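Examination of the molecular architecture
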Amino acid sequence: SGAEADNYEFTYVNGVLTVIDPNNPDGINGVNANGQQQRLYDLSGRKVNNPQRGVYIDETGKKVVKQ
């Protein structure tokens, strides 16, 4: 709580937000715990094959951010 920024508006909701390190070679299209390619979905629930910068939902239901 209490975040401030000139060019952002913050809305607080319960949940988990995971920020992916852009320097991580596995990145947002990494491998899941089962050794399979991680599946990502947009916020409308559609599968995303080539994620760009933004917020996505991974196959476990966690929100992830690609910077």
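Residues numbered from 1 in each chain as written. Predicted model: local features only at pLDDT ≥ 70, side-chain atom pairs only at ≥ 80, totals over all residues. Heavy atoms only, no water.

Remarks on the pairing of strand 5 (residues 63-66)
- Taken together, the four bridges between strand 4 (residues 54-58) and strand 5 define a ladder with antiparallel strand orientation. Pairing of Ile 57 across the sheet is with Lys 63, part of strand 5.
- Taking the residues between adjacent antiparallel strands as the criterion, strand 4 and strand 5 are bridged by four residues, where Gly 61 takes a positive phi near 95 degrees. (Pairing = 2+ DSSP bridges. Helix = DSSP H or I, 4+ residues; strand = E, 2+ residues; numbered from the N terminus.)

Looking at the pattern of salt bridges
- Following the criterion strictly, the structure yields two salt bridges and no others.
- A salt bridge links Arg 39 to Glu 59; the shortest N-O distance between them is 3.4 Å. Remark: Glu 59 occurs in the loop between strand 4 and strand 5 and Arg 39 occurs in the loop between strand 1 (17-19) and strand 2 (40-41); sequence separation between them is 20 residues.
- Residue class for Glu 59 comes out partly exposed when judged on its relative accessible area of 28%.
- Arg 46 is the partner of Asp 42 in a salt bridge, and the nearest nitrogen-oxygen pair spans 2.7 Å.
- Relative accessible area serves as the criterion here: at 54%, Arg 46 is assigned to the exposed category. (Salt bridge = Lys/Arg side-chain N within 4 Å of Asp/Glu carboxyl O. Buried < 20%, exposed > 50% of the residue type's maximum accessible area, 1.4 Å probe, protein only.)

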